[in-house]
Amino acid sequence: MQYETIRLEVTDGLAVLTFDRPEKFNALTTQMRAEIAHAVQAAGTQARALVITGEGRAFCSGQDLGDRANAASVDLERTLRDEYEPILKAMYESPIPTIAAVNGPAAGAGANIALAADVIIAKDSAYFMQAFAKIGLIPDAGGTYWMPRKIGFAKAMGAALFAEKISAQQALDWGLIWEMASEEEFEATWRGRGEYLANGPTLAFRKIREAIRASLDNSLEEQLALEARSQGECGKSRDFSEGVMSFLEKRAPKFEGR
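The present account deals with the structure reproduced in this document. (Residues numbered from 1 in each chain as written. Predicted model: local features only at pLDDT ≥ 70, side-chain atom pairs only at ≥ 80, totals over all residues. Heavy atoms only, no water.)

### A closer look at unusual backbone geometry
Despite not being glycine, D12 shows a phi value in the positive range, around 50 degrees. Summarising the element assignment, D12 is placed in the loop between β1 (6-11) and β2 (14-19). The class for D12 is exposed, based on a relative accessible area of 72%. In this model, A141 sits at a positive phi of 55 degrees, which is unusual for a non-glycine residue. Within the secondary structure layout, A141 lies in the loop between β7 (127-129) and α5 (143-151). On the basis of relative accessible area, A141 is assigned to the buried category, the value being 5%. (Helix = DSSP H or I, 4+ residues; strand = E, 2+ residues; numbered from the N terminus. Buried < 20%, exposed > 50% of the residue type's maximum accessible area, 1.4 Å probe, protein only.)

In structure tokens:
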């Protein structure tokens, strides 16, 4: 597929999806949402890890309120169901780990696409904002799902009601993101993390993601059973054999992702 609003580059197992409307702060249009969903699915078949980032000064400023394709229909329920849900489901169901490399402001649905990633790395000048209440809406695109799980009920409620900026430092302190990096170190940081995942034990990474997500709803007994099943699968993988051999031979492992 030929993309017009994003870029997708795959190198040595690492896919980098870049929102590419810098003149609009990477605001989301109908076309862009379709391209993102397609690219996330494509990355899952072509790579072993995915990084999502933005071109220019912003990660993503949310919905493009001037998008004529969207303005033709004010049915927000349909837009969320048909255009946003495919992105969020593609990220959640992806067989490979995802990193959101937040290079600048992440507002509205842009913030919540970032929150849907497995790991968030933010530039120290970036910020997150649940801007919806400012225009009479509620956080969508998974915002009401991810925020309480990542930062707790009290912080999530305040972020939604007051619609204030959450700096990268606040996000780090609150546990909203994994890591913060300076302007000079940002790209090297997210690229290094992405390359680590792209060269790691892909099956184990997938099972880690599944187990940690399931723990929020499982009882201890259910979670222990899930761990046992998943560990049994990982124990039969070639990567486990390679991991053991590399440890015994005192060398770096060469995982194949299977």
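### Observations concerning the pairing of strand β3 (residues 49-54)
With 6 of its 6 residues buried, β3 lies for the most part within the structure. The alternating pattern of β3 places A49, V51 and T53 on one face and L50, I52 and G54 on the opposite face, and all of these are buried. As a crossover connection, the stretch from β2 through helix α1 (residues 30-46) into β3 is right-handed. As paired strands, β3 and strand β4 (residues 98-102) are joined by 4 bridges and run parallel to one another. Its bridge partner being in β4, I52 is matched across the sheet by A100. (Right-handed = clockwise from strand over helix to strand, strands pointing away. Pairing = 2+ DSSP bridges.)

### With respect to the pattern of salt bridges
Across all of its chains, the model carries 20 salt bridges by this definition. One salt bridge in this structure joins D20 and R7, with 3.4 Å as the shortest N-O distance. Here D20 is found in the loop between β2 and α1, whereas its partner R7 is found in strand β1, with 13 residues between them in sequence. Of the residues examined, D20 reaches a relative accessible area of 25% and is grouped as partly exposed. Residue class for R7 comes out partly exposed when judged on its relative accessible area of 29%. (Salt bridge = Lys/Arg side-chain N within 4 Å of Asp/Glu carboxyl O.)

### Some thoughts on the packing of aromatic side chains
Aromatic rings considered in pairs are described by the distance between their centres and by the relative angle of their planes. Counted according to the given criterion, the structure contains 4 aromatic pairs. Judged by centre distance (5.0 Å) and plane angle (90 degrees), the rings of Y145 and W146 are edge-to-face. Under the relative-accessibility criterion, Y145 is labelled partly exposed at 35%. With relative accessibility at 15%, the residue W146 sits in the buried group. Put simply, the rings of Y92, Y145 and W146 pair up and form one aromatic cluster. Over the face of the ring belonging to Y145 we find R149, whose NZ or CZ atom lies 3.6 Å from the ring centre. Over the ring of Y92 we find R213; its NZ or CZ atom is 4.0 Å from the centre of that ring. (Phe/Tyr/Trp six-rings, centres within 6.5 Å; stacked < 30°, edge-to-face > 60°. Lys NZ or Arg CZ within 6 Å of the ring centre and 35° of its normal.)

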